[in-house]
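A closer look at the structure
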Amino acid sequence: MSIVIIGGNDCMASRYKQLCKERKCKAKVFTQPQGIREQMGSPDLLVFFTNTVSHKMIHTATAAFPGDPSQIVRCHSSSMSALKKILDQYAAV
């Protein structure tokens, strides 16, 4: 499963990727607005950490997301435990 994470903390990006890798998922993490539209691709799941993301980044990513809107998850917290819960629900091994 491929996942794109929008938002979150810069210092946590590698930890988000590592957690997804442990769950057999490929992840791209965008904590800054540069390159979202060009590099996002067509993921199976789009995760927004809404506390740490701008409205402009959300609009850019949703406009570029080719998938079903039900595969978009919005989470206020950008913690590792929040990402674990999302992966447990959507990317069950």
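What comes next is a walk through the structure. (Residues numbered from 1 in each chain as written. Predicted model: local features only at pLDDT ≥ 70, side-chain atom pairs only at ≥ 80, totals over all residues. Heavy atoms only, no water.)

**Digging into the overall build of the protein chain**
- Scanning the protein chain from N- to C-terminus turns up 4 helices and 4 strands.
- N-terminal to C-terminal, the α/β element order of the protein chain is β-α-β-α-β-α-β-α.
- Principal axes of the C-alpha set define a box for the protein chain whose edges measure 30 × 25 × 20 Å.
- Relative to its 93 residues, the protein chain shows a buried fraction of 43%.
- Within the protein chain, counting contacts between residues at least 6 apart in sequence, those at least 24 apart form 68% of the total. (Helix = DSSP H or I, 4+ residues; strand = E, 2+ residues; numbered from the N terminus. Buried < 20%, exposed > 50% of the residue type's maximum accessible area, 1.4 Å probe, protein only. Contact = heavy atoms within 4.5 Å.)

**Focus on the environment of lysine 21**
- Tracing the backbone shows lysine 21 in helix 1 (residues 13–22).
- With relative accessibility at 61%, the residue lysine 21 sits in the exposed group.
- Once the C-alpha coordinates of lysine 21 and proline 43 are considered, the two residues, 22 residues apart in sequence, prove to be 15 Å apart.

**Things to note about the packing of aromatic side chains**
- Applying the stated rule across the entire model yields 1 aromatic pair.
- When the centroid spacing of 5.4 Å and the interplanar angle of 45° are considered together, the rings of tyrosine 16 and phenylalanine 49 count as tilted. Here tyrosine 16, found in helix 1, pairs with phenylalanine 49, found in strand 3 (residues 45–49); they are 33 residues apart in sequence, far enough to count as distant. Across the pair, exposure class does not vary: tyrosine 16 and phenylalanine 49 are buried alike. (Phe/Tyr/Trp six-rings, centres within 6.5 Å; stacked < 30°, edge-to-face > 60°.)

**Considerations on the environment of phenylalanine 48**
- Mapped onto the elements, phenylalanine 48 comes out in strand 3.
- Sequence-wise, phenylalanine 48 and alanine 63 are 15 residues apart; in three dimensions their C-alpha atoms are separated by 14 Å.
- Sequence-distant contacts of phenylalanine 48, that is, excluding residues within four places in its chain, are made with Ile6, Ile58, Ala61, Thr62, Ile72, Val73, Arg74 and Cys75.

**Examining the environment of alanine 13**
- Among the structural elements, alanine 13 can be located in helix 1.
- Between the alpha carbons of alanine 13 and serine 81 there is a distance of 14 Å; along the sequence they are 68 residues apart.

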